[in-house]
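# Chains, contacts and geometry: an overview
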Amino acid sequence: MSDIGRPGKIIAVHLNYRSRAAQRGRTPAQPSYFFKPASSVAASGDVLERPAGTELLAFEGEVALIIGRPTRRVSPEEGWAAVSGITAANDFGLYDLRAADKGSNVRSKGGDGFTPLGPAIIPAAALEPGAVRVRTWLNGELVQDGTSDDLLFPFGRLVADLSQLMTLEPGDVILTGTPAGSSVTQPGDTVEVEVDAPTAPGAPSTGRLVTRITEGTVAFGDFGSKPSVDDLQRSEAWGTPPAPAFALTDDLRARLASVSTATLSSQLRKRGLNAVSIDGLTSTRPSARLVGTARTLRYLPGREDLFASHGGGYNAQKRAFDAVGVGEVLVIEARGERGSGTVGDVLALRAQVRGAAGIVTDGGVRDLAEVAALDIPTYHAGPHPAVLGRKHIPWDADVAIACGGATVLPGDVIVGDADGLLVIPPALVAEVVADAIEQEREEAFIAEMVRAGEKVDGLFPMNAAWKERYQAWLTQQ
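The following paragraphs examine the structure supplied in this document. Note that the coordinates shown come from a computational prediction; the quantities given were computed from them, not determined experimentally. (Residues numbered from 1 in each chain as written. Predicted model: local features only at pLDDT ≥ 70, side-chain atom pairs only at ≥ 80, totals over all residues. Heavy atoms only, no water.)

## Re the packing of aromatic side chains
Summed over the entire model, instances satisfying the criterion amount to 5 aromatic pairs. One aromatic cluster is present, formed by F445, W466, Y470 and W473 through successive ring pairs. (Phe/Tyr/Trp six-rings, centres within 6.5 Å; stacked < 30°, edge-to-face > 60°.)

Okay, here's the thing in structure tokens:
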């Protein structure tokens with residue numbers, strides 16, 4: 001049993017860190033949960049057996065909340081007050097049994113020793129809930145490092161959400177999710193988890209929660225589902241990303257900013273891509289170049305009952321503006337509906353403070369003068385004074401959307417200038433920009449020749465003779 005005792009309930013969150021969501025390629029709109037049995041609790045220093053015949057025992061370092069008083073139907077603002085302390089947890093899971101569980105995690109996460117807790121408790125009263133850190137070491141190497149300001153759903157919100165349905169009792173434990181870096185552990189490994197608050201007075205810490213992994217010797221019987229794995233389970237257990245991530249490097253960003261959208265459009269057209277322009281929008285800063293990777297937000301048509309359930313609180317719109325990162329462009333699907341605002345001055349300022357490269361919406365903008373005064377460029381369909389709920393429901397984020405007649409996927413590259421906006425598939429960026437730069441060199445030569453009095457026949461486009469003269473011109477530049 002853990003040094004902190006055996007809880008009545010252990011409730012775990014499926015996915016709650018932005019870093020982990022990015023690794024998994026999906027971002028939940030709301031938290032979801034599963035139970036772990038009290039018999040899965042273990043103490044620091046205990047040995048955990050990887051069952052015989054299995055290969056994918058994964059660790060997940062987490063912050064565990066300990067409920068300090070009976071709690072029912074509290075608000076998110078009140079939720080943190082119900083927590084008496086926090087400690088370190090390791091939410092071990094056996095991916096070999098996920099298929100048998102079909103999402104319940106009863107066997108894959110409920111085994112004896114699968115929930116080490118401890119070794120010490122940090123009193124919640126001494127902590128700022130947004131400044132808690134969790135770190136995990138595998139055989140002495142730091143493999144997970146996350147802070148609570150990266151949570152999709154803050155601690156108080158989790159408590160409030162669960163308390164809507166059930167009474168949380170003193171000693172109950174909520175496992176709050178794991179950051180990126182979870183992976184597979186092998187017999188002979190040692191896994192350590194520490195939770196601390198490095199900016200709090202005294203920098204309190206739980207100390208390291210130590211678990212040693214050993215090999216089991218008892219095989220599974222024929223009277224239940226046996227372990228089975230496939231490439232997907234191996235990929236998710238080891239933490240392998242689903243596909244190589246595209247990186248919009250500073251060099252690529254600068255090269256894209258050096259050429260016009262008109263030139264980029266012609267290069268995309270040469271590759272058979274014509275439906276890649278976001279049309280009908282105006283920029284608050286037409287002289288500014290916009291280059292960034294897309295984050296997406298989708299609005300549905302307004303409906304009063306659905307706005308009541310999805311429009312208030314920490315809705316998809318607010319989550320999207322809180323999540324957009326440095327160099328990213330928040331692209332909003334508003335169906336071309338201009339009859340209300342889809343973004344206003346406060347949210348546009350939030351995106352600017354977050355370091356976003358721009359905002360794109362095919363709907364209206366409130367507080368247009370204030371939005372236009374910001375440094376961040378915002379492309380929009382026109383001004384409107386009405387609030388979002390008049391026409392729209394903020395529905396979900398980081399999904400495929402339609403904006404200004406173009407399909408936009410999260411991670412697509414968005415380029416904009418006074419001529420308009422383009423969507424460039426990440427796989428094509430490097431070759432498209434290289435050819436666009438060369439095209440603009442050729443056009444600079446052609447323009448110079450036209451100014452010198454040359455006729456355009458044979459020059460635009462260049463025939464063989466002009467191409468030869470162009471090569472000579474290049475050597476002189």
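Having put the structure on the table, let's press on.
## Brief notes about the nonpolar core
Across soluble globular proteins, nonpolar side chains have a tendency to be buried as a group. Membership of the largest hydrophobic core comes to 29 residues, with the highest contact counts inside it found for V63, L65, W80, I86, V159 and L168. Elements with a minimum of two residues in this core: strand 6 (61–67), strand 7 (83–90), helix 4 (155–163) and strand 14 (190–196). Broken down by element, the residue count for this core peaks at 4 residues, all from helix 4. Filtering out sequence-adjacent residues up to four positions away, W80 remains in contact with L65, I86, A124, L127, P129, F155 and G156. Grouped together as the second largest cluster of nonpolar side chains are 21 residues, L297, A316, A351 and I359 included. (Core = buried A, V, L, I, M, F, W, Y, C linked by side-chain atoms within 4.5 Å. Buried < 20%, exposed > 50% of the residue type's maximum accessible area, 1.4 Å probe, protein only. Helix = DSSP H or I, 4+ residues; strand = E, 2+ residues; numbered from the N terminus. Contact = heavy atoms within 4.5 Å.)

## Overview of the pattern of salt bridges
Close approach of charged atoms lets side chains of opposite charge pair. Scanning all chains against the criterion turns up 24 salt bridges. Between E215 and R50 there is a salt bridge, with its nearest N and O atoms 2.9 Å apart. Taken as a pair, E215 in strand 15 (residues 209–215) and R50 in strand 4 (residues 47–50) lie far apart in primary sequence, 165 residues in all. A salt bridge links E60 to K109; the nearest nitrogen and oxygen atoms lie 3.1 Å apart. Note that E60 is positioned in the loop between strand 5 (57–58) and strand 6 and K109 in the loop between helix 3 (98–101) and strand 9 (115–123), a separation of 49 residues in sequence. Comparing E60 with K109, the two get one shared label, buried. (Salt bridge = Lys/Arg side-chain N within 4 Å of Asp/Glu carboxyl O.)

## Some words on helix 5 (residues 231–238)
Of all the positions in helix 5, only Q233, E236 and A237 are classed as buried. The buried residues of helix 5 all sit within an arc of 100 degrees when viewed along its axis, so they share a single face. Tucked into the core, helix 5 has its buried residues touching helix 1 (18–24), strand 5, helix 3 and strand 13 (184–185). If you check the start of helix 5, you find a side-chain oxygen 3.2 Å away from the backbone N of L232, and it comes from D230. Count one or two residues on from helix 5 and you reach G239, which has phi positive near 85 degrees. (Arc of directions from axis to C-beta. Polar contact = N/O pair within 3.5 Å; in protein donor to acceptor, adjacent residues only side chain to side chain.)

## Let's talk about unusual backbone geometry
Of note, the amide linkage connecting G118 to P119 takes the cis form, showing an omega dihedral of 0 degrees. For P119, the position within the fold is in strand 9. Geometrically, the link from F460 to P461 is a cis peptide bond, its omega value of 0 degrees lying close to zero. Within the fold, P461 resides in the loop between helix 12 (429–451) and helix 13 (464–476). Phi is positive for D398, which is not a glycine, with a value near 55 degrees. By the secondary structure assignment, D398 is in the loop between strand 25 (392–397) and strand 26 (401–403).

## Describing the layout of surface pockets
Considering only enclosed or pocket space, the second largest pocket measures out at about 360 Å³ in volume. For the second largest pocket, the lining is made up of 22 residues, of which H14, R24, R26, R98 and N105 are closest to its centre. Looking at the lining of the second largest pocket, the elements with two or more residues in it are helix 1, strand 8 (93–94) and helix 3. Here the lining of the second largest pocket is composed, by residue class, of 6 nonpolar, 7 polar and 9 charged. (1 Å grid on protein atoms, 1.4 Å probe; cavity = no way out; pocket = protein on both sides within 12 Å on 5 of 7 lines; lining within 4 Å. Points joined across faces, edges and corners; volume = space filled by probe spheres on them. Nonpolar A, V, L, I, M, F, W, Y, C, P; charged D, E, K, R; others polar.)

## Description of helix 4
Burial of helix 4 is extensive: 8 of the 9 residues sit out of reach of the surface. Listed in full, the buried residues belonging to helix 4 are F155, G156, R157, L158, V159, A160, L162 and S163.

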